[in-house]
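Secondary and tertiary structure notes
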Amino acid sequence: MSHPSVSLPRYIQISELLTREIAANFYTAGDRLPPEAELAKRLGVAVGTLRKSLLELESRGLLIRRQGSGTYINSSARSAVLQKNVYEFFRLELPCGGGLPTARILAFDIIQTPTPFRSAFTKQCYRLRRLRLLDGLPVALEEIYFEARRNAKLKKSDLGEALYVFYKERLGFWIASVQDRITQGFAPAWSPASLALPAGTACPRVERVARDGAGDIREYSVTWFDAAQCHYVNRMK
């Protein structure tokens, strides 16, 4: 049975969705956003929630609000998108671009640290397995390893949906850089029926090493994704 991760506040979900849509060129510099009532209806939220999301994006430099005229995409929005945000390092998008990431926990355990990771972690580490969704559509599987030494009492209910925010707020470090290697792989034996990748199915595989600001390895992960449902996208300045 899968367990949903702790959800982000709805207004943050909406601000992150709009951020990803700006990154995917749904909106370009100078574009005027639809009227608030129309945009709120499309996104399925109350106007008050949308306004809170827009204020968040304005504070990050993505939007400019002009009284009596409307809300516009800032000319520097694309650069601002590439700064720190909740899904800064999440590279999967719907084929049309964007999509709101969510996650369901499939398993969470403390295990003996696998041999390849022992130079970075102690004898034990956490292993998290998750199903990843975009706009509610299952698109990928994640297997994530991180240090257990100082945090040996974590439970599923402690984990946030945005894991890098959880690292910062609960474990005291921020992921500053990642290195991804993309190869051909095969869906793991624990692939759930809700994902259209039965165990053993050939699919793209992303192996990631994530480091903090001091350059220390804080996380290893492997992602298997359904290339028919999503794409791996990496945008740079």
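For the structure itself, look to the data block above.
This report concerns the structure included in the present document.

Another aspect to go through is the environment of phenylalanine 146. By the element assignment, phenylalanine 146 lies in strand 7 (residues 137-147). For the pair phenylalanine 146 and valine 233, spaced 87 residues apart in sequence, the C-alpha separation works out to 24 Å. Excluding residues within four positions of it along the chain, phenylalanine 146 makes contact with Phe108, Phe121, Cys125, Tyr126, Leu154, Leu159, Phe166, Tyr167, Leu171 and Arg218.

In contact at an axis separation of 8 Å, helix 1 (residues 10-23) and helix 3 (residues 47-59) are set at 55 degrees when each is read in the N-to-C sense. Classed by the angle they form, the pair helix 1 and helix 3 counts as oblique. Handedness of the crossing formed by helix 1 with helix 3: right-handed. The segment helix 1 lies against helix 3, with Arg10, Tyr11, Ile12, Ile14, Ser15, Leu18 and Thr19 engaging Thr49, Leu50, Lys52, Ser53, Leu54, Glu56 and Leu57. Among the residues forming the contact of helix 1 with helix 3, the class breakdown is seven nonpolar, four polar and three charged.

The subject of this paragraph is the nonpolar core. Among the nonpolar cores identified, the biggest contains 18 residues, and Phe108, Phe146, Leu159, Phe166 and Tyr167 are the most heavily contacted of them. Contributing elements (two or more residues each) for this core: strand 5 (101-112), strand 6 (124-134), strand 7 and helix 5 (163-171). With five residues, the single largest contributor to this core is helix 5. Ignoring sequence-local partners within four residues, the contact set of tyrosine 167 consists of Ile144, Phe146, Gly172, Phe173, Ile175 and Glu219.

Before going further, it helps to examine helix 5. Listed as buried for helix 5 are Leu163, Tyr164, Val165, Phe166, Tyr167 and Leu171. Contact partners of the buried residues in helix 5: strand 6, strand 7, strand 8 (175-186), strand 9 (202-212) and strand 10 (217-225). Within two residues after helix 5, glycine 172 carries a phi angle of roughly 85 degrees, on the positive side.

Rules used throughout
- Residues numbered from 1 in each chain as written.
- Predicted model: local features only at pLDDT ≥ 70, side-chain atom pairs only at ≥ 80, totals over all residues.
- Heavy atoms only, no water.
- Helix = DSSP H or I, 4+ residues; strand = E, 2+ residues; numbered from the N terminus.
- Contact = heavy atoms within 4.5 Å.
- Axes fitted to C-alpha atoms, helices over the stretch in contact; angles between N-to-C directions.
- Parallel < 35°, antiparallel > 145°, perpendicular 65-115°, else oblique.
- Left-handed = near helix turned anticlockwise from the far one by under 90°.
- Nonpolar A, V, L, I, M, F, W, Y, C, P; charged D, E, K, R; others polar.
- Core = buried A, V, L, I, M, F, W, Y, C linked by side-chain atoms within 4.5 Å.
- Buried < 20%, exposed > 50% of the residue type's maximum accessible area, 1.4 Å probe, protein only.

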